[in-house]
Amino acid sequence: MRFVILAAAAALIAFGANAQGIEQTKGDFEDKFRQLDEVLPTPNIYRNAAGEPGHQYWQQKADYDISVELDETARRISATGTVTYQNNSPDTLRYLWLQLDQNIFKSDSLAELSNDFGGLGRRGPATVAPGAEGRNSPPKLSFGELRRQQAFDDNTFGYDIKAVVDGSGAPLSNTIVGTLMRIDLRRPLAPGQSTVFRIDWAYNIVEENAVSARSGYEHFPDDAREGGNDIFLLAQWFPRMIAYSDYEGWHNKEFLGRGEFTLEFGDYEVDITVPNDHIVSSTGVLQNPMQVLTATQRRRLAAARSADSPVFVVTPEEALANESSNPDGTKTWTFKAENVRDFAWASSRKFAWDAQGHKQPGAKYETVMAMSFWPKEGGKLWEKYSTAAVIHTMEVYSRFSFDYPYPAAQSVNGPVGGMEYPMITFNGPRTTLQDDGARTYTMAEKVFLIGVVIHEIGHIYFPMTVNSDERQWTWMDEGLNSFLDSVAGYEWDPDIQWTRSLPRDLVDYMVSEHQVPIMTQSDSVLQLGPNAYGKPSAALHLLRETILGRELFDFAFKEYARRWKFKRPTPADFFRTMEEASGVDLDWFWRGWFYTTDHVDVSLDRVYALRLDTKNPDVDFARRRQEDADKPGKIGVERNAAEGLSIWVDENPDVTDFYDENDIYTPTNVDRNAYNKMLADLEDWERAALERAVKEDKAYYVLEFSNIGGLVTPILLQIDFANGAQENLLIPAEIWRRNPHRVRKLLVYDKGTEITQIVVDPNWETGDADVENNHYPRRIVPSRVEVFKSQTGSSFVRKDIMHDIRQPLKSDDDKESGPAGKPDDEAAEAIDPEARKQ
C-alpha cells in the first residue's frame, strides 16, 4: 500500500466529492506564468538581456543657446535659439524633427479636432455639466468649457516661426506637421557628426486657467498695481528636438495633451529678458547675480547655502510691496544648465523667494539649493512647507536611486497644479483670503501642497534623469514616482491621508469597466490617474512589502536607477533589471499587473479539518461512533422526546437482541485481521512513517481557494487558534502556476491544535476586492464603501478649521441678529501670528 488516507470518514467523503471540481477542464487552461520574453523586445547590443544598457548603447545630444524676451503687456514671448545637434547614432540622418508643442492650441490642431466632447480621458475643463446623466443625456456646456472656447476665439495661439537657418545663415527647408516640424538638412548628417541651426520664433502665451495647459500666465486683477499683475510659467516654450532612439527612430508622435514628452539631454545657456521688477526662477544656475539681484538679495542667497532652515531672499513683505511697482526697463537673467533634457522658467513681480542649502556629502553637487517662489496667495502654507518638502524629497529619493544630480531644486507657485522640469517644478495649492484679512488653508490644501511638491521634485529623478518615454509609457515616470512619493509621504507624516498609492486604494478602479492595461499608450488611457499613477504604485508597494521584501526590492530598484541615470530606459529594461537584480522570476507579476485588467479577489471557499485514519478498528471505530453521535439529532425524534412519547423498545425489552448492544462501529476480528494484513503489506519505511504519524496524531487542515478576480497573487493568511495564539502565513503566488482558478493548501499542526478562524489578506496588502469571502468561517463585514467613508474623512480634511476657529460663538439671542461673542483669538494667533499684518 503506497499511501495512507488522511481523513475522518465524513470529511473524506466531502473532500473526495469536490476533488473533481477543482481540476482544470479541457480547453480552459490559462498560463498566468508564461514567460514575458515572448512579449518583450529581443535583447541586442544596445539593451542587453539583463536590462542594462548594452555595450554599444547610444543616445543623441542637443545643446541650446537661446535669448528670449517676455512682453508682459502683450503676454507674448519672442526668442531666437541656436541648436547644436550631435548624431551619436549609427544611422545617417537626412532630416531632423522638432516639437512645436504650443501648436496644440491652434484651432485646427489634431488635439482640438479629435477631442471627444465630454469623453473619458479628456484633459481640461469639464464639458458636461455636473448632474448630466451619462452620454445618453442631452449634452451640456460647463462654464469652464465656455471660457476655453472664448479664449480660442479671442486669441491666436501657436508658434509663429519667423526663420529657420543653418549655421551660416542660409534658410533651411522645413515642414510643419501639427505639433511637429521637420527640418531638411542640406547635407546628410553622418554618425559622429554634428550640425548647427537657428530658429527665430514668437507666440502668445495662453491663460492657463482658461485652456488647461501645462504652462501659461495667471492674472491677478485685484492687486494694488493698476491693471493687476501676472505670474508667468513658461514651459514647452521653445522648439525642442524630438528624441531619436535605437528602438523607435524618431519619436515623432503628435502631442495631444495627455502623453507628455520624450527629449534629449544637452547643455543650455539661456538669456531671459523680463521687466526689471520681476523675479525669475529657472532651470539652471544664475550666471549674473550682480546684474539682476540687489546686494541684500545676494547676501541672503549666500547665507542660505549653509542655513539650517529656509532664508528669505525676497521676503513676503518685499514681494507684497513689489506688487504695486511699475518697471522702468528690463533686466536680462542668464542661466546655464548642464546635461538636462528640458528647460523651463517663471517670472513675476509677485514672488517671495526663500532658499536653503541641502547637503549631500560626496556627491557631484555637495550643496543643492532648495528654493521656493510664491505670491502672497501662497501665504504661510508655502513658507512653512514648500522648501521643507523639497529637501525631504531629495533625502528620501536619493536613498532609493542616486544623489540629486543637479545644483538646484525649485518649487514655484502659479496656475499649474503640478508639473516638473529639470531643477524647477510648478505647484498650485494656496491659502484662502478670509473676510477679516487672514489667510487660512484646509488640511486638504496642506496635504495637496506637501504631496505635489514631493511628487514634482521627485520627477527630477524620474523622468528628468532616468529619461523614460513619457508619451509612450506614462507609468514609467508617473507610476514609479507615485510609488516613491508615497514612500516619502509616509516618512513625512504617516498620519496624513496620502492617497492613490497602495493596493487598497485601487480596488474600485481595478474592478471597474472603464480601464485599460497599464501598458496602454498614454493618449489612449481612459483614467490616467489610477491607470498611470495609482495602479503602478500599488503594484510596486505589493512587490516591495509582500513579494520581494524590502531588501531585495530596494537593491533592484536602486540598480535600475543607477543603470539608467541620464539614459533612456524602456519597460523591458525595468522588468528585466528588477528580475535580474532581485534574483526572482517576476514575469507572472508584470504580465498580470501591467498587461491585463484582472484584479485581486481570492476567496477562501472551504476549510477541511482532517485527522489521521489509522485503519486500526480498535482506535478508529470508537472515534467514528462519537463523530456520528455529535451530529445534530433528528428533529422529529427530538420533538417526540420533548412531548414525552414513549419508545417501544424501552417499554418492551423482550424484543431487543445482539444489535441493540452492538453497532457498525463494533470492532470484529475480521476488521482486525484486515488491519494486520495492511500492516504486513507495508514496506519498512511506510510502516515507520505510519507509526510515527499515529503517535504524533497531528492536526491536518486543507484550505480551498478560488481566484475570482483572475490576477494571481500571493495568499496572505492570518490564522487564529483556540488557545489564543495567532499565526501569519504567506503562500507564494506560484501556488497558482498549474491551476490559476482553484488551489488547495495543506497545513499541518501539532496534536490538539484547533483553528478557529482564517482571514485572507488581513491587512489589505494585496488589494483584494471582496473582503467578505476572505473570512472562514464567514462573518458580517462592513462594506468597502462604509469603511472608505469613515476612514477618508474627506469632509473633515476639507473643513477650513484654521478659518472656523476664528469665528465668534453665537448665543441663542444671536441666531437671528447675527454674530456675537468673540473669536478664539489665542488659537487664531497661534495659527497665523502675522494674519493681521496682511
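Structure: above.
Residues numbered from 1 in each chain as written. Predicted model: local features only at pLDDT ≥ 70, side-chain atom pairs only at ≥ 80, totals over all residues. Heavy atoms only, no water.

S.K.: Kindly report on the overall build of the protein, identifying the contributing residues and their values.
M.R.: Each helix and strand in the protein was counted, giving 25 helices and 32 strands. Per-residue burial over the protein gives 51% buried out of 838 residues. When contacts within the protein are restricted to residue pairs at least 6 apart in sequence, those whose partners lie at least 24 apart make up 74%. (Helix = DSSP H or I, 4+ residues; strand = E, 2+ residues; numbered from the N terminus. Buried < 20%, exposed > 50% of the residue type's maximum accessible area, 1.4 Å probe, protein only. Contact = heavy atoms within 4.5 Å.)

S.K.: Summarise the side chain of Arg349; cite the residues concerned and give the values.
M.R.: You can see Arg349 is positioned in the loop between β18 (345-348) and β19 (352-359). By relative accessible area, Arg349 is classed as buried at 0%. Within the local environment of Arg349, its side chain forms a polar contact with the side chain of Glu72, the two groups lying 2.7 Å apart. Within the structure, Arg349 has its side chain in polar contact with the side chain of Asn229 (distance 2.9 Å). (Polar contact = N/O pair within 3.5 Å; in protein donor to acceptor, adjacent residues only side chain to side chain.)

S.K.: Explain the packing of aromatic side chains to me, using residue names and the numbers behind them.
M.R.: Per the counting criterion, the structure on display carries 54 aromatic pairs. For the cation-ring pair, Arg240 lies above Phe261, with the distance from its terminal atom to the ring centre recorded as 4.5 Å. The side chain of Lys350 reaches across the aromatic face of Phe220, ending 4.2 Å from its centre. (Phe/Tyr/Trp six-rings, centres within 6.5 Å; stacked < 30°, edge-to-face > 60°. Lys NZ or Arg CZ within 6 Å of the ring centre and 35° of its normal.)

S.K.: Kindly report on the sheet that holds strand β26 (residues 602-610), identifying the contributing residues and their values.
M.R.: Across a sheet, paired strands are connected by hydrogen bonds in the backbone, their directions being either parallel or antiparallel. Strand order in the open sheet formed by 3 strands is β26-β27-β30, with antiparallel pairing between adjacent strands. Because the sheet does not close on itself, it has two edges, and the strands there are β26 and β30 (742-749). Adjacent strand axes in the sheet meet at a mean angle of 20°, parallel and antiparallel pairs treated alike. Where β26 and strand β27 (residues 699-707) come together, 8 bridges link them in antiparallel fashion. For Leu610, the partnering residue across the bridge sits in β27 and is Tyr700. (Pairing = 2+ DSSP bridges. Axes fitted to C-alpha atoms, helices over the stretch in contact; angles between N-to-C directions.)

S.K.: Please provide a residue-by-residue account of the pairing of β27, values included.
M.R.: Judged by how many residues are buried, β27 sits mostly within the fold: 9 of 9 residues are covered. Pairing geometry for β27 and β30, over 8 bridges, is antiparallel. For Ser706, the partnering residue across the bridge sits in β30 and is Arg742.

S.K.: Can you tell me about the sheet that holds strand β29 (residues 726-731), naming the residues and giving the values?
M.R.: Sheet architecture is open: 4 strands sit in the order β29-β28-β31-β32, paired in antiparallel fashion. One side of each edge strand has no neighbouring strand; the edge strands of this open sheet are β29 and β32 (775-776). Alignment of strand β28 (residues 715-721) against β29, held across 6 bridges, turns out to be antiparallel. Its bridge partner being in β29, Asp720 is matched across the sheet by Gln726.

S.K.: Describe the packing of helix α16 (residues 617-629) against helix α19 (residues 669-681), naming the residues involved and giving the relevant values.
M.R.: It is the contact of α16 with α19, at a shortest axis distance of 10 Å, that shows an interaxial angle of 120°. Taken as axis vectors, α16 and α19 run oblique relative to one another. Where α16 abuts α19, its residues Pro617, Asp618 and Phe621 lie against Asp671, Arg672 and Tyr675. Classifying every residue of the contact of α16 with α19 gives 3 nonpolar, no polar and 3 charged. (Parallel < 35°, antiparallel > 145°, perpendicular 65-115°, else oblique. Nonpolar A, V, L, I, M, F, W, Y, C, P; charged D, E, K, R; others polar.)

S.K.: Please set out unusual backbone geometry residue by residue, giving values where relevant.
M.R.: In this model, Phe462 is joined to Pro463 through a cis peptide bond whose omega is 15°. By the element assignment, Pro463 lies in the loop between α9 (443-458) and α10 (475-492). Note that the residue after Tyr776, namely Pro777, is joined by a cis bond; omega there is 0°. As for its position among the elements, Pro777 is in the loop between β32 and α21 (784-792). We note that Ser212 has phi near 60°; this positive angle belongs to a residue other than glycine. For Ser212, the position within the fold is in the loop between α4 (208-211) and β8 (216-220). A positive phi angle, close to 50°, is found at Asp761, a residue other than glycine. In this fold, Asp761 is placed in the loop between β31 (755-760) and β32.

Keep in mind these values describe shape, not function.
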